[in-house]
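Analysis of the macromolecular model
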Amino acid sequence: QEFLYTQNVKSMADKILFWIDAVLFHYCLAYYLQKQYQSDLYAVIDITNKPKNFFKEQKFVNFKKTWFYHDYLQNIDTKPDLDYVSKIEKQYGINLWKLAINERLFYRFNNFYNFKENEILSILEKECRFFENILEIKPDFVIGERPQMHHSQLFYEICKAKGIKFITIVQSRVGYKSILGHKDNELDSIKTFDEIKPTNRNFEQLREYISSHTVSKQLEDYKQKFAASKFEKIKAAGTFLFNFDNPNMDTHYSYFGRSKSRVLLDSINSTLKKSSRQKYINKNLKADFPASEKFVYFPLGLDEERNLLISTPFYTNQMETIRHIAKSLPIDYKLYVKEHPSMSIRDWRPIPEYKELMCIPNVRLFHPSMETSQFYENCSLVISTGGTSGFEAAFYQKPSIVFGDVNYSILSSVHKINSVQELPEAIRLSLTKKVSPEELDRFLILLEQNSVDFDWYGFITKIHDYFYYGGNLVDVEITFDKMKNFLEKNKDSLAKITDAHIKKIQQYKSN
């Protein structure tokens, strides 16, 4: 079978630096890219100890040099050099505390270890020194996943400040497709938007299209498969509990405090909390609409995720955000809030948070199982931190307000909030807006032009199932035979996405 590879470019070899983590996608990508594109490959490898031996010994990819991220993050109890990190902030225009306080490991979400201020500052200092050091190779391109944690976002921002193209892969707003680019939340060809000729689809036709390509269904499929197998969970638990060697606690700050006994107790406690919260949700959250109320819809986002912690760094407290919205509504409107169905993988929210929301006089809290389309069809306005809901609302002729930068904010029916003080006026203005089917049609065409047929969540699921006991344990040994088999089994989809990356590199070079 022929692969959709571009022709090998006969020119000076580009220096391409890969950021490789436990998802393993970018290792697989490097394997296929080296076959078709003249380049010198380098890699930063961000993994735990057990798979480290594979990356130290592997010969599948000919990396000129590799760095193991956690090797450079040892002895974090040393006194940080504040003059150096202050210089980094000014040099690259980066707010380090914004990244650090929103790091899920450092604050709010870590059940195992409380990081001290100096430990956090020491980590930031070591990371900055490490990143500056590796970028001395002057890569032409960096290729990695869209940053999910503070350190990968920090690396991304340093690369951006240095003018290095950082090519990321992200889930498209259209289901089962992905987008490659170097601009955060902006399509590469956004300037061509006004030149696109619409296909004159009406709202019914547009809804029909998005219903068959919905990201919500894709995410639901992913949630159903993630760590779902009880058999794999038992195997993972056995591997974890009966393996006496656990060096990650000493070498990886992300594993600090994770002794086997504490992890086991936390897992038991997590199961009990989830069950209790699920019962409360089923008993107390609304599962049907009140008759003929005017309302604004706010779908709760998934906690501990990039969409909140990185994309909307000043709106991470959703309880407070809901209070701000409720205070800003016209007197004859209610605020309908629906729990995110994927919060089940986070064991749902604490019951006091649900009670707190239901105590706000003009707020109605709804069960996560309710069909989202019901809210779009009946609401007057959608407000979102920055997920896909604002985009999907347009297909139901509903305007939206977003708190973060999103690629669909080019639509005139979408209002980007820069300060909570804007909310009252923004809500009143947005309630008068109309969605243009022609504009939405053109944006959908633009989105399709910038998307590639690659199921990102589906690929992650394959990685989880093949290497990580269904996603239950990532600190595992990786054998050469297992990796070789995985590369061969998935060569068709990996060949296509490799071709898309090569085309993207050539596009940037021609510009």
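As for the overall build of the chain
- Scanning the chain from N- to C-terminus turns up 21 helices and 13 strands.
- Taken over the C-alpha trace, the chain has a radius of gyration of 24 Å; the compact-globule value for 511 residues is 24 Å, and the two agree within 12%.
- Its C-alpha atoms give the chain principal-axis dimensions of about 65 × 55 × 50 Å.
- Burial analysis of the chain (511 residues in total) assigns 54% to the buried set.
- Counting only contacts in the chain whose residues sit at least 6 apart along the sequence, the fraction spanning at least 24 positions is 75%.
- When the accessible surface of the chain is totalled, it reaches about 23,900 Å², and 49% of it is carbon and sulfur.

Section: the packing of helix H13 (residues 318-328) against helix H14 (residues 351-359)
- Where H13 meets H14, the closest approach of the two axes is 11 Å, and the angle between their N-to-C directions is 5°. Here H13 lies roughly parallel to H14, going by the angle between them. Across the interface between the two elements, Met-319, Ile-322 and Arg-323 of H13 pack against Glu-353, Glu-356 and Leu-357 of H14.
- Among the residues making up the contact of H13 with H14, the classes are represented as 3 nonpolar, no polar and 3 charged.

Description of the pattern of salt bridges
- Applying the stated criterion to the full structure yields 22 salt bridges.
- Put simply, Asp-40 and Lys-64 hold a salt bridge, and the shortest N to O gap is 4.0 Å. Within this pair, whereas Asp-40 is found in strand S2 (residues 39-46), its partner Lys-64 is found in strand S3 (residues 63-68), the two being separated by 24 residues in sequence.
- Overall, the relative accessible area of 25% leaves Asp-40 in the partly exposed class.
- A salt bridge links Glu-320 to Arg-323, with the nearest nitrogen and oxygen atoms 2.7 Å apart. With Glu-320 and Arg-323 both in helix H13, this residue pair falls 3 residues apart, about one helical turn.
- Since its relative accessible area comes to 29%, Glu-320 is described here as partly exposed.
- Because the salt bridges share partners, they merge into one network encompassing Asp-81, Glu-125 and Arg-129.

Concerning the packing of helix H7 (residues 203-212) against helix H18 (residues 437-449)
- Where H7 contacts H18, the axes come no closer than 10 Å and their chain directions differ by 30°. Here H18 runs roughly parallel to H7, going by the angle between their axes. The chirality of how H7 crosses H18 is left-handed. Of the residues in H18, those in contact with Phe-203, Leu-206 and Tyr-209 of H7 are Pro-437, Leu-440, Asp-441, Leu-444 and Glu-448.

Re the sheet that holds strand S5 (residues 165-171)
- Pairing is mixed in the open sheet, where 7 strands are placed in the order S3-S2-S1-S4-S5-S6-S13. Two strands lie at the open edges of the sheet, namely S3 and strand S13 (451-452), each paired on one side alone.
- Two strands pair when backbone bridges link them, and strand S1 (residues 14-21) and strand S4 (residues 141-145) are joined in this way by 3 bridges, in the parallel orientation. The residue of S4 that forms the bridge with Leu-17 is Val-142.

Things to note about the environment of Ile-351
- Tracing the sequence through the fold places Ile-351 in helix H14.
- For the pair Ile-351 and Tyr-280, spaced 71 residues apart in sequence, the C-alpha to C-alpha distance is 7.3 Å.
- If we ignore the near neighbours within four places in the chain, the residues touching Ile-351 are Ser-276, Arg-277 and Tyr-280.

As for helix H3 (residues 82-92)
- Within H3, the full set of buried residues consists of Tyr-84, Val-85, Ile-88 and Tyr-92. Projection of H3 onto a plane perpendicular to its axis shows the buried side chains occupying an angular sector of 95°, all on one side. Facing away from the buried side of H3 by over 90 degrees, the exposed positions are Asp-83 and Lys-90.
- Each element contacted by the buried residues of H3 is listed here: helix H4 (96-101), helix H5 (117-134) and helix H6 (150-161).
- Two to three positions downstream of the cap, the backbone nitrogen of Asp-83 sits 3.2 Å from a side-chain oxygen, assigning the N-cap of H3 to Asp-81.
- Phi for Gly-93, located one or two positions after H3, is positive at around 65°.

A look at the nonpolar core
- Core analysis: the biggest nonpolar cluster contains 48 residues, and Phe-18, Phe-25, Phe-55, Phe-63 and Phe-467 have the highest contact counts within it.
- With 8 residues, helix H1 (residues 25-36) is the largest single contributor of residues to this core.

Brief notes about the pairing of strand S8 (residues 334-338)
- The element S8 is largely enclosed, with a buried count of 4 among its 5 residues.
- Here 4 bridges tie S8 to strand S9 (residues 363-366), and the two strands are oriented parallel to one another. Each bridged residue has a counterpart across the sheet, and for Lys-338 the counterpart in S9 is Phe-366.
- Crossover connection from S8 via H14 to parallel S9: handedness right-handed.

Digging into H18
- A rise of 1.5 Å per residue sets the reference length of H18, with its 13 residues, at 18 Å; its end C-alpha atoms lie 18 Å apart and thus fit the reference within 8%.
- Glu-439, Leu-440, Asp-441, Arg-442, Phe-443, Leu-444, Ile-445, Leu-446 and Leu-447 are the residues of H18 that are buried.
- On the buried face of H18, the contacting elements are strand S6 (178-181), H7, helix H16 (389-394) and S13.

Thoughts on the packing of aromatic side chains
- Scanning the model with the defined rule gives 48 aromatic pairs in all.
- Seen in terms of ring centroids, Tyr-69 and Phe-130 are 6.3 Å apart; in terms of plane orientation they differ by 50°. Their pairing is tilted. Here the residue Tyr-69 occupies a position in the loop between S3 and H3, and Phe-130 occupies one in helix H5, the gap between them amounting to 61 residues. As far as burial versus exposure is concerned, Tyr-69 and Phe-130 are alike and both buried.
- Site record: aromatic cluster; members linked through ring pairs are Trp-19, Tyr-69, Tyr-72, Phe-130, Phe-131, Phe-155, Tyr-156 and Phe-166.
- Over the face of the ring belonging to Phe-68 we find Lys-52, whose NZ or CZ atom lies 5.1 Å from the ring centre.
- The ring of Tyr-255 is capped by Arg-258, whose NZ or CZ atom sits 5.9 Å from the centre of that ring.

Rules used throughout
- Think of each chain on its own: its residues are numbered from 1, step by step along the sequence as written.
- For this predicted model, a pLDDT threshold of at least 70 governs which residues receive local features, and a threshold of 80 or more governs which side-chain atom pairs are given and counted, while totals over whole chains, interfaces and linings are taken from all residues.
- For side-chain calculations, the full set of non-hydrogen atoms in the structure is used, while hydrogens and water are omitted.
- The helix and strand labels rest on DSSP assignments: H or I over at least four residues marks a helix, E over at least two residues marks a strand, and numbering proceeds from the N terminus.
- With C-alpha atoms as the basis for the radius of gyration, the globule rule is written as 2.2 Å multiplied by the number of residues raised to the power 0.38.
- Categorising residues by exposure relies on relative accessible area from a 1.4 Å probe, with only protein chains included: less than 20% of the type maximum marks a residue as buried, more than 50% marks it as exposed, and the intermediate range marks it as partly exposed.
- We call two residues in contact whenever any of their non-hydrogen atoms come within 4.5 Å of each other.
- Shrake-Rupley sampling with a 1.4 Å probe provides the accessible areas, and residues are treated as covered by the protein chains on show and by no other component.
- Between N-to-C directions, angles cover 0 to 180 degrees, with each direction set by a line fitted to C-alpha atoms, over the stretch in contact for helices.
- Here is the rule for angles: anything less than 35 degrees is roughly parallel, anything more than 145 is roughly antiparallel, 65 through 115 is roughly perpendicular, and the remaining ranges are oblique.
- The residue classification treats Ala, Val, Leu, Ile, Met, Phe, Trp, Tyr, Cys and Pro as nonpolar and Asp, Glu, Lys and Arg as charged. All others, Gly included, are polar.
- Salt bridges are defined by distance alone: a side-chain nitrogen of Lys or Arg within 4 Å of a carboxyl oxygen of Asp or Glu.
- It is the rotation of the near helix from the far one that decides the hand of a crossing: anticlockwise by less than a right angle makes it left-handed, clockwise makes it right-handed.
- Two strands pair under a simple rule: DSSP has to find at least two bridges between them.
- Starting at the helix axis, one direction is taken to each C-beta atom, and the arc is that of these directions.
- A 3.5 Å cut-off defines polar contacts: any pair of N or O atoms within that distance qualifies, except that in protein one atom must be a possible hydrogen donor and the other a possible acceptor, and neighbouring residues in sequence count only when both atoms are side-chain atoms.
- Throughout this description, the term nonpolar core refers to a set of buried Ala, Val, Leu, Ile, Met, Phe, Trp, Tyr and Cys residues connected via side-chain atoms within 4.5 Å.
- A clockwise path from the first strand over the helix to the second, with the strands pointing away from the viewer, defines a right-handed crossover.
- To estimate the expected span of a helix, subtract one from its residue number and multiply by 1.5 Å.
- A pair of aromatic rings is counted whenever rings of Phe, Tyr or Trp (Trp by its six-membered ring) have centres within 6.5 Å, and the orientation is called stacked for planes under 30 degrees apart, edge-to-face for over 60 and tilted otherwise.
- Charge over a ring is defined by NZ of Lys or CZ of Arg lying within 6 Å of the ring centre and within 35 degrees of the ring normal.

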